[in-house]
Protein chains: 2
Amino acid sequence: MNFSSKLIEDSVNAFASLPGIGKKTALRLTLHLLSMPPEISEGLCEPVLKMRKEIQFCATCNNISDTVVCSICSNTARDQSVICVVESIRDIMAIENTNQYRGLFHVLGGVISPIEGVGPGDLNIESLMDRVKAGTSKEIIMAISPTIDGDTTIFYLSKQLEAFDVKVTTLARGISFGGELEYADELTLGRSIAARRLYEE
Amino acid sequence: MNFSSKLIEDSVNAFASLPGIGKKTALRLTLHLLSMPPEISEGLCEPVLKMRKEIQFCATCNNISDTVVCSICSNTARDQSVICVVESIRDIMAIENTNQYRGLFHVLGGVISPIEGVGPGDLNIESLMDRVKAGTSKEIIMAISPTIDGDTTIFYLSKQLEAFDVKVTTLARGISFGGELEYADELTLGRSIAARRLYEE
């Protein structure tokens, strides 16, 4: 594309460097900002730069935080005896949006993946063990993706946690609510039959 | 959505203020920048702010420009006797990308639209007339959208240009190249039959 302006071209390339934004969308965004007063461009960039510069990671659970300890860890109304172990901060947001969980979190920062060269030492496992050693935890929930790497990670963590007096649980697995049986994948359906439960009203 | 961080929330809202970007995409962009070094965020914002601050509009044709006169107007290799009148800078980019036009441009900044309260005085018509008065122009091409407002604008401009010794032309209208007849709209197809031309090999 020929923009006949280096300034426009640089701005388009900047937007197009973001995931999921192509050259055409980048041009649309650039021309949108161009048609607006300069304050709008500053109003876009200022919070983004501030966020990147000032964001912290919670000293306890590694969640993103505006302060040294995040708003979840510092909330004494939450159940301090349960820790939900997740891969990323995205998962915390997803679980928080369900409004079904009132305990604490711990962000691993990924899963053990021999193929991608991620070992236990690359994850925030040490700090999880320190929290468990403190002795306030009664249950550790493994809210980790049901993949091979995820299952490896759960297995590794459960072995590490055997030494402590805590209950290790995983998310319930089975067919999705509202889903139709014929569209469920074979593995999920097969395991759901094998792990069938007594019907409770 | 609950972001548990004011910084994240502000950044998400900033991205979501852009056209075509919703809260979910805005969160994805924010978390992407968060996972990258701070230089990446600066590399995004710096060209955007620079563009908005330093961009100029060509003193001759109102095209966007890095200098007082744009790269098209200042290019003496281009045909100085033809002016292509367009609504916006987006149209200049579209026409330049065809590589079929080697003349000059003039950006109106919109079309006459009584419904939206846009009159001839709101458009860059005065400056177009000044350019025609200078006497170097032989042809004025109306590259304006084939809508009711667009046709009104072309009619108004052609009346204004009657006093000068210039040829006024419009873009060819008819069925699209590569299109299929059955999918052409009735108005276009009807007018294409009425305005049929002698076949030339």
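Residues numbered from 1 in each chain as written. Chains lettered and ligands numbered in written order. Predicted model: local features only at pLDDT ≥ 70, side-chain atom pairs only at ≥ 80, totals over all residues. Heavy atoms only, no water.

A. The arrangement of the packing of helix α1 (residues 6–16) of chain A against helix α3 (residues 38–54) of chain B in detail. Contact geometry for α1(A) and α3(B): axes closest at 8 Å, N-to-C directions at 150 degrees. Between α1(A) and α3(B), the interaxial angle falls into the category roughly antiparallel. Here α1(A) runs over α3(B); the crossing is left-handed. Residues L7(A), I8(A), D10(A), S11(A), A14(A) and F15(A) of α1(A) pack against G43(B), L44(B), P47(B), V48(B), K50(B), M51(B) and E54(B) of α3(B). (Axes fitted to C-alpha atoms, helices over the stretch in contact; angles between N-to-C directions. Helix = DSSP H or I, 4+ residues; strand = E, 2+ residues; numbered from the N terminus. Parallel < 35°, antiparallel > 145°, perpendicular 65-115°, else oblique. Left-handed = near helix turned anticlockwise from the far one by under 90°. Contact = heavy atoms within 4.5 Å.)

B. Seen up close, the packing of aromatic side chains. Using the criterion set out here, one finds two aromatic pairs over all chains in the structure. Geometrically, the ring pair formed by Y101(A) and F105(A) is edge-to-face, given 5.2 Å between the ring centres and 65 degrees between the ring planes. (Phe/Tyr/Trp six-rings, centres within 6.5 Å; stacked < 30°, edge-to-face > 60°.)

C. Structural view of the relation of the copies chain B and chain A. Superposition record for chain B on chain A: RMSD 0.1 Å, screw rotation 180 degrees, translation along axis 0.0 Å. What we have between these two chains is a two-fold relation. Judged by C-alpha distance, C45(B) is the residue of chain B that lies nearest the rotation axis, at 2.8 Å. Same-surface contact between copies: 100% of interface residues of chain B are shared with the interface of chain A. (Least-squares fit on C-alpha atoms with pLDDT ≥ 70 in both.)

D. Quick look at the pattern of salt bridges. Residue and element names in this part refer to chain A. Going through the model one piece at a time under the given rule, you end up with twelve salt bridges over all chains. Its salt-bridge partner being K50, residue E54 comes within 3.2 Å of it at the nearest N-O pair. Pair noted here: E54 and K50 are both in helix α3 (residues 38–54), with a separation of four residues, about one helical turn. For E54, a relative accessible area of 40% corresponds to the partly exposed category. (Salt bridge = Lys/Arg side-chain N within 4 Å of Asp/Glu carboxyl O. Buried < 20%, exposed > 50% of the residue type's maximum accessible area, 1.4 Å probe, protein only.)

E. Highlighting the sheet that holds strand β5 (residues 139–142) of chain B. Residue and element names in this part refer to chain B. Judged by pairing direction, the sheet is parallel, and its four strands sit side by side in the order β4-β3-β5-β6 without closing on themselves. With one partner strand each, in any of the chains shown, β4 (104–107) and β6 (167–170) form the two edges of the open sheet. In this sheet, adjacent strand axes meet at a mean angle of 25 degrees when their direction is disregarded. Relative to β5, strand β3 (residues 82–86) runs parallel, the two sharing four bridges. Bridging from a neighbouring strand, I83 pairs with I140 of β5. The sheet strands contacting helix α4 (residues 89–98) are β3 and β4, and the helix crosses β4 at an angle near 155 degrees. (Pairing = 2+ DSSP bridges.)

F. Just the domain arrangement of chain A, in detail. Parsing chain A into structural domains produces domain 1 (6–54) and domain 2 (64–170). Using C-alpha coordinates to define each centre, domain 1 of chain A is positioned 36 Å away from domain 2 of chain A. (Domains from an automatic or database assignment.)

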